[in-house]
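An overview of the molecular structure
Each chain, letter by letter, is given below.
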Amino acid sequence: MALKDVQNEIIRLKKENDICILAHCYQSPDILEVADFVGDSFALSVSASKVTNKTVIMCGVRFMAETVKILSPDKKVILANPTAGCPMAEMMDKELIEQVKQQYPDYTVVAYVNTTSELKTVCDVCVTSSSAYKICKKLENDKILFIPDKNLGSYIAQQLPEKDFKLLSGGCPTHAKINEREVLKAKQEHPNAQFLVHPECVPDVVKHADYVGSTTGIMDYVKNSDCKEFIIGTENSIVQHLQLECPDKMFYPLSKDLVCHNMKATTIVDVLNCVKGIGGEEIELDEDIRLGAKRCIDKMIELG
């Protein structure tokens with residue numbers, strides 16, 4: 001089948017079978033074109049909770065599909081490719097954080113949304129990369145244990161010196177492997193370009209940025225900017241998406257190695273098999289875990 005035939009069949013079957021397709025920004029353009037919603041992980045979950053469709057397909061990674069299920073327990077939630085995990089979400093588990101909490105009993109545990117649903121059950125509040133500053137600032141407790149991403153935690157801690165942050169050694173392997181040398185090289189090669197970076201990158205990279213923000217924040221910044229050249233310091237699929245959406249501007253990847261292989265695991269044929277009912281993995285959560293994780297997310301919504 002030609003690509004367009006595959007896409008047309010997906011669109012036909014999703015309507016016929018009452019399916020909503022969610023696609024994270026890091027997915028390839030052929031998948032984005034058949035999706036009902038495109039965005040960051042938590043925004044996709046909120047969108048899914050508002051639709052009437054009985055089935056939702058997540059083109060992303062496992063923790064994102066779990067978040068959809070947390071907010072939409074009555075919907076059938078399918079992870080398009082069962083192998084698509086998130087190394088950062090899997091770095092820390094419930095048992096580890098329970099032990100750490102015993103060492104810091106008077107600290108509020110702030111969990112990046114990039115965590116498993118089971119881990120969220122022992123945390124106090126979730127955050128996204130775009131809401132982390134606002135939520136941490138609003139917390140009454142000045143002592144914060146921020147997990148799992150030490151780079152995002154460090155970035156927020158610098159903006160809130162009045163609060164005491166404890167950080168553990170975790171983070172996104174894709175963003176964290178980019179170094180300052182690559183930034184300086186890119187800026188030298190493109191002296192007229194603004195440098196836009198995700199806060200999951202290490203502090204020595206982030207300090208050179210003209211803008212620091214979430215994936216959708218970076219994309220919105222570009223669309224509203226008068227600048228014509230940009231170095232993109234997040235997953236390289238965003239470079240391609242921006243090239244298509246803003247053809248009058250130039251975009252340069254910070255590094256050819258800024259690739260999330262878990263996000264790239266999902267293919268358009270995976271999506272086709274899901275709408276046919278023969279692919280993907282249905283996400284099921286124990287109700288105690290779902291409610292425990294939802295408490296953490298509800299606190300995020302309350303504060304954010």
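Notes on the structure follow.

Here we take up the sheet that holds strand S4 (residues 76-79). The strand order S2-S1-S3-S4-S13 describes an open sheet built from five strands, whose pairing is mixed. Of all strands in the sheet, those bounded by a partner on one side alone are strand S2 (37-39) and strand S13 (281-282). Here helix H4 (residues 62-71) sits on the sheet and contacts strand S1 (19-24), strand S3 (55-59), S4 and S13; the angle it forms with S4, its principal contact strand, is near 175°.

We now examine the sheet that holds strand S6 (residues 125-127). With respect to topology, four strands assemble into an open sheet ordered S6-S5-S7-S8, the strand pairing being parallel. Of all the strands in the sheet, just S6 and strand S8 (164-167) have a single pairing partner and so form its edges. Between one strand axis and the next, the sheet turns by 30° as a mean value, whatever way the strands run.

Before going further, it helps to spend a moment on the packing of H4 against helix H15 (residues 287-303). As a packed pair, H4 and H15 sit with axes 9 Å apart at the nearest point and diverge in direction by 95°. Judged by the angle between their axes, H4 and H15 are roughly perpendicular. Listed contacts from H15 to Thr67, Lys69, Ile70 and Leu71 of H4 are Arg290, Ala293, Lys294 and Ile297. Classifying every residue of the contact of H4 with H15 gives four nonpolar, one polar and three charged.

About the thresholds
Residues numbered from 1 in each chain as written. Predicted model: local features only at pLDDT ≥ 70, side-chain atom pairs only at ≥ 80, totals over all residues. Heavy atoms only, no water. Pairing = 2+ DSSP bridges. Helix = DSSP H or I, 4+ residues; strand = E, 2+ residues; numbered from the N terminus. Contact = heavy atoms within 4.5 Å. Axes fitted to C-alpha atoms, helices over the stretch in contact; angles between N-to-C directions. Parallel < 35°, antiparallel > 145°, perpendicular 65-115°, else oblique. Nonpolar A, V, L, I, M, F, W, Y, C, P; charged D, E, K, R; others polar.

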